[in-house]
Amino acid sequence: MTDYCFSFRSVTRATQASHLLKAARVRHTMQRTPTQLRTNGCGYCIGVEQRSYSEARQILQLEEYGPQRIYRRDESGQWQEMTE
């Protein structure tokens, strides 16, 4: 199950992020962005589980094509945007 969703501005950036995570052996999926989260962007996101979140975030934040937004699925199944 996807616990976190990293959204991107383009499918190219989402694909590049997927390649980076694959090279680092971080478990993830490239998937359609959940409908309720599709406001701007390509419609694809990188989904990760809780155990892979920290490593995925660290890798993607270091790249110039990092995620546009990060969302977390709460206990009720609703998506909440991560803010810092």
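The next point concerns the side chain of Ser52. Tracing the backbone shows Ser52 in helix 2 (residues 50–61). Beyond its immediate chain neighbours, meaning those up to four positions away, Ser52 contacts Val26 and Arg27.

Quick look at the pattern of salt bridges now. Applying the stated criterion across every chain, the model contains 2 salt bridges. Among the ionic pairs, Arg51 bridges to Glu49, the shortest N-O distance being 3.2 Å. Using a relative accessible area of 59% as the deciding quantity, one classes Arg51 as exposed. Judged by its relative accessible area of 26%, Glu49 falls in the partly exposed class. Residue Arg69 pairs with Glu81 through a salt bridge whose shortest N-O separation is 3.3 Å. Residue Arg69 is located in strand 4 (residues 69–73), and its partner Glu81 is located in strand 5 (residues 79–81); the two are separated by 12 residues in the primary sequence. For Glu81, a relative accessible area of 43% gives the class partly exposed.

Turning our eyes to something else, we now look at the packing of helix 1 (residues 11–23) against helix 2. Relative orientation and spacing of two packed helices are given, respectively, by the angle between their axes and the distance between those axes. With their axes 10 Å apart at the nearest point, helix 1 and helix 2 run at an angle of 125° to one another. Taken together, the axes of helix 1 and helix 2 are oblique relative to one another. Crossing of helix 1 over helix 2 shows right-handed handedness. For the pair formed by helix 1 and helix 2, the contact residues are Ala17, Leu20 and Leu21 on the first element and Ala56, Ile59 and Leu60 on the second. For the contact of helix 1 with helix 2, the residue count by class is 6 nonpolar, no polar and no charged.

A separate point is the nonpolar core. Within the largest apolar cluster, 14 residues are counted, with the highest numbers of intra-cluster contacts made by Phe6, Phe8, Leu21, Ile46 and Val48. Core analysis: the next-biggest nonpolar cluster, separate from the first, contains 5 residues, Cys5, Leu37, Cys45 and Tyr71 among them.

As a further point, take the sheet that holds strand 4. Strand order in the open sheet made by the 5 strands is 2-3-1-4-5, with antiparallel pairing throughout. The open sheet has two edge strands with one neighbour each: strand 2 (29–32) and strand 5. Direction aside, the axes of adjacent strands within the sheet are offset by 35° on average. Summarising the sheet, strand 2 and strand 3 (residues 44–48) pair through 4 bridges and their orientation is antiparallel. Counterpart to Gln31 in the pairing with strand 3 is Cys45. Taken strand by strand, helix 1 contacts strand 2 and strand 3, and its axis lies near 25° from that of strand 3.

Definitions and cut-offs
Residues numbered from 1 in each chain as written. Predicted model: local features only at pLDDT ≥ 70, side-chain atom pairs only at ≥ 80, totals over all residues. Heavy atoms only, no water. Helix = DSSP H or I, 4+ residues; strand = E, 2+ residues; numbered from the N terminus. Contact = heavy atoms within 4.5 Å. Salt bridge = Lys/Arg side-chain N within 4 Å of Asp/Glu carboxyl O. Buried < 20%, exposed > 50% of the residue type's maximum accessible area, 1.4 Å probe, protein only. Axes fitted to C-alpha atoms, helices over the stretch in contact; angles between N-to-C directions. Parallel < 35°, antiparallel > 145°, perpendicular 65-115°, else oblique. Left-handed = near helix turned anticlockwise from the far one by under 90°. Nonpolar A, V, L, I, M, F, W, Y, C, P; charged D, E, K, R; others polar. Core = buried A, V, L, I, M, F, W, Y, C linked by side-chain atoms within 4.5 Å. Pairing = 2+ DSSP bridges.

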